[in-house]
Amino acid sequence: MIFLLLACVSEEPVDSDTPAPAPELPLPDLDGIDLPTAVQEALSLAVGLSLGSPWSGNVTSLTTLAREGCPDFYVGSPPDVDMEAELSWADTCRTSGGLFFDGYLGWDHSLSLEGDPAEAAGQTVEATRRLGGNGSIGDDNGLFVGFDGEGEEAIYQVTAPGYSHWTWSSLVQGTVEGSNATPLTGGWRSDLYLYSIGGDAEHLEVRGNAYFPELRIQDRFDSVAMDLVLDGALGATSETCTLEPAGWIGLRDEQAFWYDLVFMPLNDDGYIDDPYTSCDGCGQLFLRGVEAPVDLGTVCVDLSSIFAELAPPDPEDFVYTLHQTEAP
Amino acid sequence: MLLLLLACTAPEDSAISELPPEESADIPVDSTPFVVDSGIEDGPTDTVPTHSLLLRHEGFWLLTPLGGPYRAITGELLIQEILDGDEEVPVCSLRYALTGTPETEGCAGCDFSFRVTHYLAEGDPELCQEPDLPGEQEVFGWKEPNLYLNYAESGLWLAWYEATLEDDELSFSWEQTVGLTVEEEE
């Protein structure tokens, strides 16, 4: 509208110092985009961005690549680093074989077990791990692991004959790269919080953002953002909506347009507008930050398959001690 | 516009912030280039810790009855932490007396496994830096050339000590030198 108004008055004498108006930004369209599939892919990608990726990248790289004195390990944090850690490595070194270690990464973990899974009272397993710092391990051909940021992860499992219950949470605020750390070429950056319940129930919460420098969902979207709670059929009550999540999922294309699919409200207050409150497996799609067209219609998507992809990490993988860091 | 209308029609106390932000300027994803280093550009260098800490574990099990099959152990474990090579004054020195009973569920391929009770006889563990000091009870299994620890009794068997068995006595040890950040006194 502003552009049109300016066009109408353009025959008036124009101050030569007035800059020409910026060309109107053409609005994008979704031709050729399978949006339900894109949303499924976005959620599937998001639940894979847990601390397990950089953690296993660090452990695998150190276990197989570290040599005597390269890198140097520390009890506690390395010097001049504002970080709490039980163990860490810090160095700027290169092995005779051409491997390099640059920066620092610190970590700690806990693991406890109680009871017997074969008995009626069952077994309880609790495990936590944290990783933080800014370090990279690689060679001239590329990175095996690169992590800049911090993250933490926890699992709680109860197992008894005929019974299983687990909770799993992960928060990564950082950038992850490297062939030992992530299968995603180019890595990822996120501030995603994941929380899920499994075994005797199906529950998933995802909050935050993720950016993929090389991966493109449907050859178009390079970022995802979401704030959602999704319940599956297992363990659901008659009042639980299992057809769609509460919250929203956003996809950003390479031109920085965000498409937000808004489902039911996240809290109990709800919204007066019917499209948001009905449990029908559909959400309203919006183009964020653009006045018109805002409402791109209704998009229905089945996210129930995500629960089959949720498997908590093995508690044993939370353990990385000094005894395992010894150079070959 | 619909988003604005939606905001207006929601109950006053509802959490509108749970909808996505309305302005593109608020895009929360930082899409600037990654900052993780891709390598060392300035040629090989090797930084060295200012302070080194030698972690040393040495111990033995006396296995009975002589010749086996073994049904009990007694023994000793010494743990020392030596800062910057000062062997005369270890910053941490612990001595544990050990007893043990056979553990039926041992590690795969192990010759024998024992549940070992650690009795602290000397020293103060609070002075030690190492995070994985022995718990009151630990389960170990022996398969030449290592003594394996069933970590937290999780079923994860980690090679914990190098060990040799000779004449019903199992000797084991582990050493590692690590860096330590020491707060310098002004």
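Residues numbered from 1 in each chain as written. Chains lettered and ligands numbered in written order. Predicted model: local features only at pLDDT ≥ 70, side-chain atom pairs only at ≥ 80, totals over all residues.

Trainee: With reference to specific residues and values, describe the overall build of chain B.
Mentor: Along its length, chain B carries 1 helix and 8 strands. Sequence-ordered secondary structure for chain B, helices as α and strands as β, is α-β-β-β-β-β-β-β-β. Taken over 186 residues, chain B has a buried fraction of 30%. The contacts of chain B with a sequence gap of at least 6 include a subset with a gap of at least 24, amounting to 48%. (Helix = DSSP H or I, 4+ residues; strand = E, 2+ residues; numbered from the N terminus. Buried ≥ 20, exposed ≤ 12 C-beta atoms within 10 Å, placed from the backbone. Contact = placed C-beta atoms within 7 Å.)

Trainee: Please provide a residue-by-residue account of the overall build of chain A, values included.
Mentor: From N to C terminus, chain A includes 5 helices and 13 strands. A principal-axis box enclosing the C-alpha atoms of chain A has dimensions of 80 × 60 × 35 Å. Looking at the 328 residues of chain A, the share that counts as buried comes to 45%. If you take every contact in chain A between residues at least 6 apart in sequence, the share linking residues at least 24 apart comes to 56%.

Trainee: Give me the lowdown on the environment of A:Ser77, citing residues and values where you can.
Mentor: Residue and element names in this part refer to chain A. Within the secondary structure, Ser 77 is located in the loop between β1 (72-75) and β2 (87-94). Judged by the 21 C-beta atoms lying within 10 Å of it, Ser 77 is buried. Between the alpha carbons of Ser 77 and Gly 106 there is a distance of 6.5 Å; along the sequence they are 29 residues apart.

Trainee: Describe helix α3 (residues 52-65) of chain A, naming the residues involved and giving the relevant values.
Mentor: All names here are of chain A. Here α3 spans 19 Å end to end across 14 residues, near enough to the 20 Å set by a 1.5 Å rise per residue. Where α3 is concerned, the buried positions are Gly 52, Ser 53, Pro 54, Trp 55, Gly 57, Asn 58, Ser 61, Leu 62 and Leu 65. Residues of α3 that are buried make contact with β2, β3 (100-115), β4 (123-139), β5 (142-160) and β6 (163-177). (Expected span 1.5 Å × (residues − 1).)

Trainee: Lay out the pairing of strand β2 (residues 72-83) of chain B in plain terms, naming residues and giving numbers.
Mentor: A regular strand places its side chains on the two faces of the sheet in alternate fashion. All names here are of chain B. Where strand β1 (residues 52-64) meets β2, 12 bridges bridge the pair, whose relative direction is antiparallel. Bridge pairing links Arg 56 to Gln 80 in β2. As judged from the 9 bridges shared by β2 and strand β3 (residues 92-102), these two strands associate in the antiparallel manner. Opposite Glu 76, over in β3, you have Ala 97 as the bridge partner. (Pairing = 2+ DSSP bridges.)

Trainee: An account of helix α2 (residues 35-47) of chain A is requested, with residue identities and associated values reported.
Mentor: Residues spaced three or four apart along an α-helix point in a common direction, a consequence of the helix completing one turn every 3.6 residues. Residue and element names in this part refer to chain A. Along its 13 residues, α2 runs 19 Å from first to last C-alpha, staying within 8% of the 18 Å computed at 1.5 Å per residue. Along α2, the residues that are buried comprise Ala 38, Val 39, Ala 42, Leu 43 and Ala 46. Angular distribution of buried residues about the axis of α2 spans 135°; they occupy a single face of the element. For α2, the secondary structure elements touched by its buried residues are β7 (188-198), β8 (203-211), β9 (221-231), β10 (246-253), β11 (258-262) and α5 (306-309). (Arc of directions from axis to C-beta.)

Trainee: Summarise the pairing of β5(A); cite the residues concerned and give the values.
Mentor: All names here are of chain A. Sheet topology places β4 next to β5; 17 bridges connect them, and they run antiparallel. Bridge pairing in β5 places Thr 124 opposite Val 158. Following β4, the chain reverses through 2 residues before pairing antiparallel with β5. Here β5 folds back onto β6 in antiparallel fashion, the turn holding 2 residues, of which Gly 162 has a positive phi close to 75°.

Trainee: Account for the nonpolar core, naming residues and giving values.
Mentor: In terms of nonpolar packing, the biggest core is built from 111 residues, with A:Ala42 and A:Ala46 touching the most fellow members. Discounting chain neighbours no more than four positions away, the residues touching A:Ala42 are A:Ile217, A:Val224, A:Ile249 and A:Leu251. (Core = buried A, V, L, I, M, F, W, Y, C linked by C-beta atoms within 7 Å.)

Trainee: Summarise the environment of A:Pro19; cite the residues concerned and give the values.
Mentor: Following the sequence through the fold, A:Pro19 ends up in the loop between α1 (2-8) and α2. The spatial distance from the C-alpha of A:Pro19 to the C-alpha of A:Val145 is 48 Å, given a sequence separation of 126 residues.

Trainee: Which residues make up the confidence of the model for chain B, and what are the values?
Mentor: Residues and elements named next belong to chain B. Residues with a pLDDT of 70 or more make up 75% of chain B, whose mean pLDDT is 83. Summarising per-element confidence for chain B, the mean pLDDT is lowest in helix α1 (residues 2-9) (36) and highest in β2 (98). Here residues 1-17 is a poorly scored stretch, pLDDT under 50, and it has 25 contacts once near neighbours within four places are set aside; other chains count. Long-range and interchain partners of residues 23-28, a stretch whose pLDDT sits below 50, account for 10 contacts in this model, where long-range means more than four residues apart. The ipTM value of the predicted complex is 0.82, and its pTM value is 0.86. (pLDDT = per-residue confidence, 0-100.)

Trainee: Account for unusual backbone geometry, with residues named and values stated.
Mentor: Residues and elements named next belong to chain B. That bond from Gly 68 to Pro 69 is cis: its omega, -5°, falls within 30 degrees of zero. Locating Pro 69 in the fold gives a position in the loop between β1 and β2. Glu 144 connects to Pro 145 through a cis peptide bond whose omega is 10°. One non-glycine residue, Asp 84, adopts positive backbone phi at about 50°. Within the secondary structure layout, Asp 84 lies in the loop between β2 and β3. Unusually for a residue other than glycine, Glu 153 sits at a positive phi of about 55°. In this fold, Glu 153 is placed in the loop between β6 (146-151) and β7 (156-166). Glu 153 gets classed as partly exposed once you count the C-beta atoms within 10 Å, which come to 18.

Trainee: Explain the environment of A:Phe307 to me, and be specific about the residues and the numbers.
Mentor: Residue and element names in this part refer to chain A. Mapped onto the secondary structure, Phe 307 falls in helix α5. Each C-alpha atom of the pair Phe 307 and Ser 278 lies 22 Å from the other, and the pair is 29 residues apart in sequence. Non-local contacts of Phe 307, meaning those with residues more than four positions away in its chain, are made with Glu 202 and Gly 232.

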